[in-house]
Amino acid sequence: MILDGKILSDTIKDNLKEEINTLLKKDIRPGLGVILVGENIESKTYVNMKKKACNELGIYSKVYELPDNISEDIIIQKIKDLNEDNTIHGILVQLPLPYHINKQNVLDSIKHEKDVDGLGILNTGKLMINNNVNIMPCTPRGCIELLDHYKIPLKSKEITIIGTSNLVGLPLSIMLLHRGATVTLCNIHTNDVRKKTKDADIVIACCGVPEMVKSDWVKEESIIIDIGINKIEDKKSKKGYRLVGDVDYNNVKDKVEYITPVPGGIGPMTIAILMKQTVEICRLINISKM
């Protein structure tokens, strides 16, 4: 069975429209500020998708496009300006940043109340100890909400995650642990990743290796969450490429109970959760006016 992130993300956005209309009647409009550094085509594409989602929902959005060679201090000053901007409730720095920029310094300069992607040190710490958590990294939260929607239990499940980035794999592992799962993390240094996945109840792939996970990597009726988005050459396509995940979908889909497609799985959920958290932050900041 397909875990359809597109359908669920549309439902989330439909519900948000009602909430945003309620806020607008109180002269409150959710706002999202985005910092985009450099000319990375994929980053620009993702930012445009986020801006489009904001426009569709009635969320105010402001995108600051900054050159590759900009200094870290200027980026941080722009974030400080957004911290004090009452029209902006969520602040997002599009990753990756150029190599000369200290990513964590930049992320930690965002006020924790406006850290819409939950990557600053304070929100990361709250997530780690499961204390007063109201902002989470968007992709991991999207995975959890998709699993919950399909009523897939997590307690006591054996879950293997391939990929341990601070953006996805690591925070997702913490969220799953808090739900009572037993989690195995695999990274580039892991010996025999296949050995870790083939007995798992749930396999989550977020390593950026196209179609790495094959049928013999997973057990019958397991659950596959594919977070990877990779371009591979396809001469039959007008674009010359097609998008695939970290899982070989056609090779695996008939063996497993549930699987997310790429595209149409976790990607739409990430954007929907970004919109949802922007609205949630707006509501929290303006709660005294409501």
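This text follows the structure it describes.
Owing to the predicted nature of the structure, the values given are computational and were not obtained by experimental measurement.

A.B. asks: Break down helix α10 (residues 266–285) for me, with residues and values.
C.D. replies: Between its first and last C-alpha, α10 extends 28 Å over 20 residues, near the 28 Å set by a 1.5 Å rise per residue. Burial analysis of α10 places 15 of its 20 residues in the buried class, the great majority of the element.

A.B. asks: For the sheet that holds strand β5 (residues 182–186), give the residues involved together with the corresponding values.
C.D. replies: Reading across the sheet, the 5 strands line up as β5-β4-β6-β7-β10 and stay open at both edges, with parallel pairing between neighbours. The open sheet terminates on both sides in strands that have one partner only, identified here as β5 and β10 (258–259). Pairing geometry for strand β4 (residues 158–162) and β5, over 5 bridges, is parallel. Counted as the bridge partner of Ile159 is Val183 from β5. Here helix α7 (residues 169–178) sits on the sheet and contacts β4, β5 and β6 (202–205); the angle it forms with β5, its principal contact strand, is near 165°.

A.B. asks: Tell me about the pairing of strand β1 (residues 31–37), and name the residues and values.
C.D. replies: In terms of residue burial, β1 counts as a mostly covered element, since 7 of its 7 residues are buried. The side-chain alternation of β1 yields two buried faces, one formed by Gly31, Gly33, Ile35 and Val37 and the other by Leu32, Val34 and Leu36. Examined bridge by bridge, β1 and strand β2 (residues 60–66) share 7 bridges and lie parallel to one another. Within β2, the residue paired with Gly33 across the bridge is Lys62. By the bridge criterion, 4 bridges tie β1 to strand β3 (residues 90–93) in an arrangement that is parallel. Of the residues in β3, the one forming a bridge with Ile35 is Val93.

A.B. asks: I'd like to hear about the nonpolar core, residue by residue, with values.
C.D. replies: Judged by nonpolar contacts, the single largest core of 53 residues is most densely connected at Leu176, Ile204, Ile225, Ile227 and Met275. By residue number, the principal contributor to this core is α10, which donates 10 residues. Beyond its immediate sequence surroundings of up to four residues, Ile225 is in contact with Leu3, Cys143, Leu147, Ile202, Val203, Ile204, Ala205, Thr260 and Ile266. In terms of nonpolar packing, the next biggest core, distinct from the first, is built from 19 residues, Val37, Tyr64, Ile70 and Leu82 among them.

A.B. asks: Explain the environment of Lys51 to me, using residue names and the numbers behind them.
C.D. replies: Assignment of secondary structure puts Lys51 in helix α2 (residues 41–57). Here the alpha-carbon distance between Lys51 and Lys62, two residues 11 residues apart in the chain, equals 8.2 Å. Not counting residues within four places of it along the chain, the set of residues in contact with Lys51 comprises Ser61 and Val63.

A.B. asks: Residue-level account of the packing of helix α1 (residues 5–25) against helix α6 (residues 138–149), with values.
C.D. replies: Their axes nearest at 11 Å, the elements α1 and α6 cross at an angle of 100°. Comparing the axis directions of α1 and α6 gives the class roughly perpendicular. Contact residues: Gly5, Leu8 and Ile12 in α1; Glu145, Leu146 and His149 in α6. Per-class residue counts for the contact of α1 with α6 are 3 nonpolar, 2 polar and 1 charged.

A.B. asks: Any chance you could break down the side chain of Lys114 for me, citing the residues and the numbers?
C.D. replies: Tracing the backbone through its elements, the reader meets Lys114 in the loop between α4 (103–108) and α5 (121–129). Of the buried charged residues, Lys114 lacks a salt bridge, with Asp85 as the closest side chain of opposite charge at 6.2 Å. For Lys114, the side chain forms a polar contact with the main-chain oxygen of Asn83, separated by 3.0 Å. Once residues lying within four places of it in the same chain are set aside, the contact partners of Lys114 are Leu82, Asn83, Glu84, Asp85, Ile88, His89, Gly90, Ile91, Ile281 and Ile285.

A.B. asks: Summarise the sheet that holds β3; cite the residues concerned and give the values.
C.D. replies: The 3 strands lie next to each other as β2-β1-β3, forming an open sheet whose pairing is parallel. Of all strands in the sheet, those bounded by a partner on one side alone are β2 and β3. The sheet shows a mean angle of 15° between the axes of neighbouring strands, direction not considered. On the sheet, α2 packs against β1, β2 and β3 and is oriented at approximately 160° with respect to β2.

A.B. asks: Account for the pattern of salt bridges, with residues named and values stated.
C.D. replies: According to the stated counting rule, one finds 14 salt bridges in the structure shown. Its salt-bridge partner being Glu39, residue Lys44 comes within 2.7 Å of it at the nearest N-O pair. One salt bridge connects Glu145 with Lys276, and the closest N-O pair in it is separated by 3.2 Å. With Glu145 in helix α6 and Lys276 in helix α10, this residue pair connects regions lying 131 residues apart in the sequence. A network of salt bridges, in which partner residues are shared, links Arg141, Glu145, Lys276 and Glu280.

What counts and what doesn't
Within any chain, residue numbers begin from 1 and follow the written order of that chain's sequence. The predicted origin of the model limits local features to residues at a pLDDT of at least 70 and limits the giving and counting of side-chain atom pairs to 80 or more, whereas totals for whole chains, interfaces and linings rest on all residues. Hydrogens and waters are ignored; side-chain quantities use all the structure's heavy atoms. Per the convention used, a helix needs a DSSP run of H or I reaching at least four residues, while a strand needs a run of E reaching at least two, with both numbered from the N terminus. What a helix is expected to span follows from its residue count: subtract one and scale by 1.5 Å. The cut-offs for exposure are 20% and 50% of the maximum accessible area for each residue type, with area from a 1.4 Å probe on protein chains only; residues under the lower value are buried, those over the upper are exposed, and the others partly exposed. Between any two strands, pairing holds if DSSP finds at least two bridges. The criterion used for residue contact is that any of the two residues' heavy atoms lie within 4.5 Å. Only C-alpha atoms enter the line fits that serve as axes; for helices the fit covers just the stretch in contact. Angles between N-to-C directions range over 0 to 180 degrees. Remark: nonpolar core denotes a set of buried residues (Ala, Val, Leu, Ile, Met, Phe, Trp, Tyr, Cys) joined through side-chain atoms within 4.5 Å. Oblique is the label for any angle not under 35 degrees, not over 145, and not in the 65 to 115 range, which are roughly parallel, roughly antiparallel and roughly perpendicular in turn. Nonpolar residues are Ala, Val, Leu, Ile, Met, Phe, Trp, Tyr, Cys and Pro. Charged residues are Asp, Glu, Lys and Arg, and all others, Gly as well, are polar. Lys and Arg are tallied as positive, Asp and Glu as negative. Neither His nor the chain termini are counted. Any carboxyl oxygen of Asp or Glu that lies within 4 Å of a side-chain nitrogen of Lys or Arg is treated as forming a salt bridge with it. For this analysis, a polar contact is any N or O atom pair within 3.5 Å, provided that within protein one partner can donate a hydrogen and the other can accept it, and provided that sequence-adjacent residues contribute only side-chain to side-chain pairs.

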